[in-house]
Amino acid sequence: MGKIAAADAAVKVLEEWGVKHVFGIPGGSINSLMDALRDEHDSISYIQVRHEEAGAMAAAMHAKFTGHIGVCFGSAGPGGTHLLNGLYDAREDHVPVLAIIGQVATSAMNMDTFQEMNENPVYADVSLYNRTAMTAAQLPHLIDEGIRRAYAGHGVAVVTLPVDLGRTQIDAKVRYSSALAHREYPNPVLDRDDLAAAARILNAAQKPVIYAGIGTRGAGRDVQRLARKLKAPVAVTGINFDSFDHDFEGMLGSANRVACKPANEAFPNADVVLLLGNNYPFTEVTNLFENVQHIVQVDILSQHLGKRQHDDVAILGDAGDAVRALIELVDDKPETPWWRACLDNIRNWREYCSALENKGAGELQLFQVYNAINKHAAHDAIFSVDVGDVTQTSIRHLHLNPEKMWRTSALFATMGVGIPGAVAAKLDFPDREVWNLCGDGAFNMVMQEIATQVQYKLPVVNVVFANKQYGFIHDEQEDTNRGYLGVDFMDVDYAAIAVGMRAAGYTVHRMEELDYVFEHAQADRAEGKTVVIDAKITGERPIPVELLELDPKVHPADRIAAFKKRYEAENLRPFSEFLAAQGLQPQYKATELGGF
């Protein structure tokens, strides 16, 4: 069968696994891989990022958008260590990523030579598979094994490549992959007794809440059917908003801080919670379920069952399968006082958000920017959302549905993920609109990747919410510190920087300018241009729904008046009013700051 360079064999393994894009920056210790990627450029694309961190973030976001393994690389020493932030993002969000790390030639290893280091310990914590090629013939096997392990374990695999081994000729017959044999585990068969026990609790519930995590992705409308049948409003984990229709009448939103008011108020008053594919990390530190009498949990991972709370019923299986089974088992309840009170509370919250979004004149606030995005974005638009206030406010003000996609750095919550994520999304879905939403703090970290979007002719619309501060951290310091330090920074002309990188750049200062700017931005996008919209927003804090001061049974009148004035919330009412109107006694829980 002849000979083949080991790096060529490794790249062909990537191709057999269906890898289309590899992100990274070349260097002397990874150049044998670069030769192989050059030779195979018709089958697999090398994407030249401006920083390895962005390459790893793009690989992780690719996996989040598609479910397919993301691949990135870095040269020995700093090139590889730059990857770590994106690799940890993949680890924490449990998505498959392969990182190929360059190493000096085998003759220089263990000699304390330039950029030579013991690399395996560096990546031991972030990875579930971590190997260094010891012979050239091992390399294709290690790449294949790494991909298999990343898929099986939903995490990061690391393969270190001494540069000389990549150029070494090996027998072509050594090259192989197990891609054709790859199979996903079938969904577990649901236990009928567990389902029946769950149905009994749900049928007896007076004040049920459904808490839907990413395990319901693809089954959002089934969850809505179950909710209407049980008269149980739905709360979601923040990363799962795009599973549901924005106008679903029973949508409470998410809980804690990156959250919506109705969800935070519902849980202390609920008697039964149905957890669906949800491993919410703040459950214990906020005592979220301290007033709840019964919990039913569904999860496809047995290690999540009962992890964060006592389960009265635990169901091992796919959340969507369980929802569809429960729809057939539970009673079709008439409207209940609980359901009516929750719907009234949701409507009041939506009226509050809508009033902010639809203000038409004055200095620009973040709310009106979302209104413009909602007006101009396609029905199936894709959103790569950065971390900070923009995560919180996207959850509140971005109108999503199951045709759209919304991804961010969820558990690791690393700033800077938005632009690399948009690069990946546009490569993966070239025929769909892609938007990056980020604060100016995050944009400052990775703005160089706008040049990557331009270089690869990726017509992404990048919206920068610019208020000259790390807003989310600023608000944390308000709540926990004696003062502010390190949260403010100078203003920058981000539109001018975009133009300097050959993108289209727009700056908007006032509400009246939004339609003009967004219409022109969309026209540029349609012509194939990368766009940056520098939205110069005011610096007000978004309403802290974890620290509401609205209820006269909890706070004095002067505090309530000041709170309403600060957050333009004159018509926002406490849930206790809607409960009392339905003859229900409000319950309360201690306020927590979510572990921060």
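Analysis parameters
Residues numbered from 1 in each chain as written. Predicted model: local features only at pLDDT ≥ 70, side-chain atom pairs only at ≥ 80, totals over all residues. Heavy atoms only, no water. Helix = DSSP H or I, 4+ residues; strand = E, 2+ residues; numbered from the N terminus. Rg over C-alpha atoms; globule rule 2.2 N^0.38 Å. Buried < 20%, exposed > 50% of the residue type's maximum accessible area, 1.4 Å probe, protein only. Contact = heavy atoms within 4.5 Å. Lys, Arg positive; Asp, Glu negative; His and termini not counted. Charge placed at Lys NZ, Arg CZ, Asp CG, Glu CD. Pairing = 2+ DSSP bridges. Axes fitted to C-alpha atoms, helices over the stretch in contact; angles between N-to-C directions. Phe/Tyr/Trp six-rings, centres within 6.5 Å; stacked < 30°, edge-to-face > 60°. Salt bridge = Lys/Arg side-chain N within 4 Å of Asp/Glu carboxyl O. Polar contact = N/O pair within 3.5 Å; in protein donor to acceptor, adjacent residues only side chain to side chain. Right-handed = clockwise from strand over helix to strand, strands pointing away.

(A) Expanded view of the overall build of the chain. A count of helices and strands for the chain gives 24 helices and 20 strands. Taking 25 Å as the expected radius of gyration for a compact globule of 596 residues, we find that the chain reaches 25 Å, a close match to that expectation. Taking the principal axes of its C-alpha atoms as reference, the chain extends roughly 80 × 60 × 45 Å. Across the 596 residues in the chain, those meeting the buried criterion constitute 61%. Nonlocal contacts in the chain, meaning residues at least 24 apart in sequence, comprise 75% of its contacts between residues at least 6 apart. With 55 positive and 78 negative side-chain charges, the chain shows a separation of 2 Å between the mean positions of the two kinds.

(B) Spatial organisation of the sheet that holds strand β20 (residues 531-536). Taken together, the six strands give an open sheet; going across it, the order is β16-β15-β17-β18-β20-β19, and neighbouring strands pair in parallel fashion. For this open sheet the edge positions go to β16 (405-407) and β19 (504-508), each flanked by a neighbour on one side alone. The average angle at which neighbouring strand axes cross in this sheet is 15°, direction not considered. Of the pairings in the sheet, the one linking strand β18 (residues 461-466) to β20 comprises six bridges and is parallel in character.

(C) Molecular detail of the packing of aromatic side chains. Per the counting criterion, the structure on display carries 16 aromatic pairs. Both rings, one in Tyr 46 and one in Phe 73, keep their centres 5.8 Å apart while their planes meet at 35°; by these two values the pair is tilted. One end of the pair, Tyr 46, is in strand β3 (residues 45-48); the other, Phe 73, is in strand β4 (residues 70-74), with 27 residues separating them in the sequence. For Tyr 46, a relative accessible area of 21% puts it in the partly exposed group. Between the aromatic rings of Tyr 211 and Phe 267, the centroid separation amounts to 4.8 Å while the plane-to-plane angle is 50°, which identifies the pairing as tilted. With a gap of 56 residues between them, Tyr 211 in strand β9 (residues 208-212) and Phe 267 in the loop between α11 (261-266) and β12 (272-276) connect regions that are remote in the sequence. Comparing Tyr 211 with Phe 267, the two get one shared label, buried.

(D) Focus on unusual backbone geometry. Of note, the phi angle at His 154 is positive, near 55°, even though the residue is not glycine. In this fold, His 154 is placed in the loop between α7 (138-153) and β7 (156-162). Classification of His 154 as partly exposed rests on a relative accessible area of 41%. Not every positive phi belongs to a glycine, and Glu 568 is a case in point at roughly 50°. Relative to the elements of secondary structure, Glu 568 occurs in the loop between α23 (557-566) and α24 (575-581). Exposure remark for Glu 568: the relative accessible area of 36% places this residue in the partly exposed category.

(E) Layout of the side chain of Asp 428. By the secondary structure assignment, Asp 428 is in helix α17 (residues 418-428). Although Asp 428 is buried, it forms no salt bridge, and the closest oppositely charged side chain is Arg 407 at an N-O distance of 9.9 Å. At 2.8 Å, the side chain of Asp 428 and the side chain of His 62 are in polar contact. Non-local contacts of Asp 428, meaning those with residues more than four positions away in its chain, are made with His 21, His 62 and Thr 66.

(F) Highlighting helix α16 (residues 389-397). In terms of burial, α16 is largely enclosed, as nine of its nine residues are buried. Every buried residue of α16 is listed here: Asp 389, Val 390, Thr 391, Gln 392, Thr 393, Ser 394, Ile 395, Arg 396 and His 397.

(G) Examining the pairing of β9 more closely. The buried fraction of β9 is high, at five of five residues. What you see with β9 is no split at all: Pro 208, Ile 210 and Ala 212 on one side and Val 209 and Tyr 211 on the other are buried throughout. Where β9 and β12 come together, five bridges link them in parallel fashion. Opposite Ile 210, over in β12, you have Leu 274 as the bridge partner. Two strands pair when backbone bridges link them, and β9 and strand β10 (residues 234-236) are joined in this way by three bridges, in the parallel orientation. Across the sheet, Tyr 211 pairs through a bridge with Ala 235, a residue of β10. Each parallel crossover has a hand, and the one from β9 via helix α10 (residues 220-230) to β10 is right-handed.

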